[in-house]
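This is what each chain is made of:
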Amino acid sequence: MEVERIFSDIYGGRLALQRRQYSPFCREFCLGCPRLSLRSLTAATCTVWLVAYGLFTLCQNSMVLSAAIFITLLGLLGYLHFVKIDQETLLIIGSLGIQMTSSYASGKESTTFIEMGKVKDVVINEAIYMQKVIYYLCILLKDPVEPQGVSQVVPVFQSAKPRLDCLIEVYRSCQEILALQKVTSGSP
Amino acid sequence: MTKSHLNMAYRRVNGPGQSLTSILSHNNCGIHQPCRTGTHNICMVSDFFYPNMGGVESHIYQLSQCLIERGHKVIIVTHAYGNRKGIRYLTSGLKVYYLPLKVMYNQSTATTLFHSLPLLRYIFVRERVTIIHSHSSFSAMAHDALFHAKTMGLQTVFTDHSLFGFADVSSVLTNKLLTVSLCDTNHIICVSYTSKENTVLRAALNPEIVSVIPNAVDPTDFTPDPFRRDDNVITIVVISRLVYRKGIDLLSGIIPELCQKYPDLNFIVGGEGPKRIILEEVRERYQLHDRVRLLGALEHQDVRDVLVQGHIFLNTSLTEAFCMAIVEAASCGLQVVSTRVGGIPEVLPDNLIILCEPSVKSLCDGLERAISQQKSGTLPDPEKIHNKVKTFYTWRNVAERTEKVYDRVSREVVLPMDKRLNRLISHCGPVTGCTFALLAVLNFLFLIFLRWLTPDSIIDIAVDATGPNGAWTQQYSYSKKGEENKEISESR
């Protein structure tokens, strides 16, 4: 079963949330960020080239121009490979754990897995981010020493930064699974 | 991008059902319901808040708690104190924003008038604030918030907590700044009539927009305990910071004179400050080590324990807007002897206080009168004094009166931009007026730019913790349980 809904991120950009339900214990949330827009790509390239031509007219050295070519190419590659995230996925399996995957524009994927025994709760929190105050979803990890305490906070959807309405939808689903998991593990 | 969790604060939770976020499901957030008539969304702004300790801090906290009790939504905005940054919740859902702004001097933030606008605007919009209430004229952030709030067209209230002079250069400059800051503020609150007079003169205000609402004490914190004091001797208690304006030089004249006259007289002095050395000198010269105790700095919770050891409370201040110390002392059942300066004569009725001129001779006369009354046993019972005083100054009363100010302010109109500029130019002198009018215009342009960058519509509306739709008030059983879980935080 797959449901897709459109939300927006904190900058007003478009975000698509895909919800796949495999079983009552297993759900997957996929947040697709907008693709690299032609406009920002053109703007970045133009800036680099304008600066390069400016320098070229000043010092009359053609090395500047070839350097500009390399800067644009390497910059684009680096951006696609290390910075630009196309899709963030949160897979929650009640009996197993939570897996977070972010796929970069170049195809690179990085995955983190947290087993259910370590997860204390999933909550929505507020933070001051740049010149904004935003809501974000995070996973609280249990402190192995003190069972009531929280050892670490792992933020989810770090690059997409969806707005509250989207977070609430994901949050409710996660809570449903966590509650089911509690019931079943409580009465074996 | 790793900064997304730069500042964070989270509630310690006992299970999935007790976190703040779980309340979301009960509260139809995202859709802002219009306020019930009569309640306000209030934002208190000041540089001074807990963990910093002092009169302004406890004033803001107590007033906010009582306003929450009366059904208003209250949030507090202050700057980050060390590791304490981000968003915290205090008892009964009082939300505090600790903003990462640079502290410049004496816990007051640096001001450029503009740099705090993006963050403050974001908070005002997401919390749907209707009234900005700034505290303390020493706080740069409070003035910044007033300036931005007026640009955004929100109602503004300002509380002044201190008295100023008129003579020296620094007060001339601060008075000018205060004139600019307050000339288009909707309403100003002072703590005593003397303070009102002072503020009206300093800031050249229309007295009709200045209200007097005194401070309050928590009477349950200051109860008398006559068994704690030794009735064979008479003990005079002094609790104040040992600085010039508290009249410590007068005290150093009084101590030897009275100690020579009355062999059964002891002094207890609580507080710390640069003038401590004078008192130590006096003690040394007249060999009074067993009769004058200097306690040094006192924590607020220890004040009552010191007060109940004495019979007479002495206050030697040279200037004072509203003296909390004498109310606390009277609430503990002590006879109060004080100088007749500033707002002090308004504070207590004549039968509870002996007022003297600020001179050694007059204060000694006053103290001798109190001592002879004590010896003849004509002083009223401490319990009786306490019962009388506890009705005078309560935070509930302060909140009620502040609420009336809010009601009045919310019916007023905020000056539109052109009138505001006119007011600034006509009211603050040609040079300052024009400078600040220009700054106001720049601030307005900056606001328009910010509105273009992040329109109000894409700012998430915060989930109310307090107020008519407050998550805390609806979930009363939660807040009771939640109180034991003190806020903790972790930032990285």
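Quick caveat: nothing in here was measured; it's all calculated off a predicted structure.

Draft legend 1. Structural context of the domain arrangement of chain B. All names here are of chain B. Taken domain by domain, chain B comprises domain 1 (10-216 + 397-484) and domain 2 (226-393). Counting residues at the interface gives eleven residues for domain 1, matched by nine residues for domain 2. Of the roughly 870 Å² buried between domain 1 and domain 2 on both sides combined, carbon and sulfur atoms contribute 65%. When the area that domain 1 buries against domain 2 is broken down by residue, the three leading residues are L163, N215 and A216, summing to 47%. Taken together, the links from domain 1 to domain 2 amount to zero salt bridges. Taken together, the residues of the side of domain 1 that touches domain 2 sort by class into five nonpolar, six polar and no charged.

Draft legend 2. Highlighting the sheet that holds strand β1 (residues 2-8) of chain A. Residues and elements named next belong to chain A. Spatially, six strands are ordered β1-β2-β3-β4-β5-β6 in an open sheet, and the strand pairing comes out antiparallel. What marks the edges here is a single partner per strand, and that holds for β1 and β6 (109-115). Pairwise comparison of adjacent strand axes, ignoring direction, gives a mean angle of 15° for this sheet. With seven bridges joining them, β1 and strand β2 (residues 14-23) adopt antiparallel strand pairing. For V3, the partnering residue across the bridge sits in β2 and is R19.

Draft legend 3. Up close: the UniProt feature "transmembrane region" (unreviewed entry) in chain A. All names here are of chain A. This chain's UniProt record puts "transmembrane region" (unreviewed entry) on residues 36-56 and 62-82. The distance separating the terminal C-alpha atoms of residues 36-56 is 29 Å; by composition the span is 90% helix and 0% strand. Within the segment residues 62-82, helix and strand shares are 95% and 0% respectively, and the terminal C-alpha atoms sit 30 Å apart.

Draft legend 4. Focus on the pattern of salt bridges. All names here are of chain B. Summed over the entire model, instances satisfying the criterion amount to 29 salt bridges over all chains. The closest approach of N and O atoms between D231 and R229, which form a salt bridge, is 3.8 Å. Using a relative accessible area of 15% as the deciding quantity, one classes R229 as buried. K375 serves as the salt-bridge partner of D264, at 3.9 Å between the closest nitrogen and oxygen. With D264 in the loop between α6 (248-261) and β13 (265-270) and K375 in helix α11 (residues 360-376), this pair connects stretches of sequence that are 111 residues apart.

Draft legend 5. Spatial organisation of the packing of helix α9 (residues 324-331) of chain B against helix α12 (residues 382-389) of chain B. All names here are of chain B. Remark: α9 packs on α12, axes separated minimally by 7 Å, with the N-to-C direction vectors making an angle of 130°. For the element pair α9 / α12, the angle class is oblique. Here V327, A330 and S331 of α9 come into contact with α12, specifically with I385, H386 and V389.

Draft legend 6. Structural context of a nonpolar patch on the surface. Residue and element names in this part refer to chain A. A contiguous nonpolar patch, built from L36, L38, L41, L76, Y79, F82 and V83 and spanning about 620 Å² of accessible area, is present on the exposed surface. Among the elements of the structure, α1 (38-59) and α2 (63-83) are those that each provide at least two residues to the nonpolar patch. With four residues, α2 is the single largest residue contributor to the nonpolar patch. By the secondary structure assignment, L38 is in helix α1.

Draft legend 7. View of the UniProt feature "domain: PIGA GPI anchor biosynthesis" (unreviewed entry) in chain B. Sequence positions flagged by UniProt for "domain: PIGA GPI anchor biosynthesis" (unreviewed entry) are, in local numbering, residues 79-168 of chain B. The span residues 79-168 of chain B is 26% helical and 31% strand by assignment, and the distance between its end C-alpha atoms comes to 30 Å.

Draft legend 8. Helix α15 (residues 430-453) of chain B, seen in detail. Residues and elements named next belong to chain B. Taking 1.5 Å per residue, 24 residues should reach 34 Å; α15 reaches 34 Å between its end C-alpha atoms and fits that length. Residues G433, F436, A437, L439, A440, N443, L447 and L450 constitute the buried set of α15. The secondary structure elements touched by the buried residues of α15 are α2 (117-126), α3 (140-152), α4 (169-182) and α14 (417-427).

Draft legend 9. Expanded view of α12 of chain B. Buried residues of α12 of chain B: P382, I385, H386 and V389 of chain B, and no others. The buried residues of α12 of chain B all sit within an arc of 100° when viewed along its axis, so they share a single face.

Rules used in this analysis
Residues numbered from 1 in each chain as written. Chains lettered and ligands numbered in written order. Predicted model: local features only at pLDDT ≥ 70, side-chain atom pairs only at ≥ 80, totals over all residues. Heavy atoms only, no water. Domains from an automatic or database assignment. Contact = heavy atoms within 4.5 Å. Buried area = accessible area lost by both parts, 1.4 Å probe. Salt bridge = Lys/Arg side-chain N within 4 Å of Asp/Glu carboxyl O. Nonpolar A, V, L, I, M, F, W, Y, C, P; charged D, E, K, R; others polar. Pairing = 2+ DSSP bridges. Helix = DSSP H or I, 4+ residues; strand = E, 2+ residues; numbered from the N terminus. Axes fitted to C-alpha atoms, helices over the stretch in contact; angles between N-to-C directions. UniProt positions renumbered as here; feature names shortened; annotations may be inferred. Buried < 20%, exposed > 50% of the residue type's maximum accessible area, 1.4 Å probe, protein only. Parallel < 35°, antiparallel > 145°, perpendicular 65-115°, else oblique. Patch = residues over 30% accessible without salt bridge, like charges linked within 9 Å, V, L, I, M, F, W, Y side chains within 5 Å. Areas by Shrake-Rupley, 256 points an atom, 1.4 Å probe, with all protein chains shown as cover. Expected span 1.5 Å × (residues − 1). Arc of directions from axis to C-beta.

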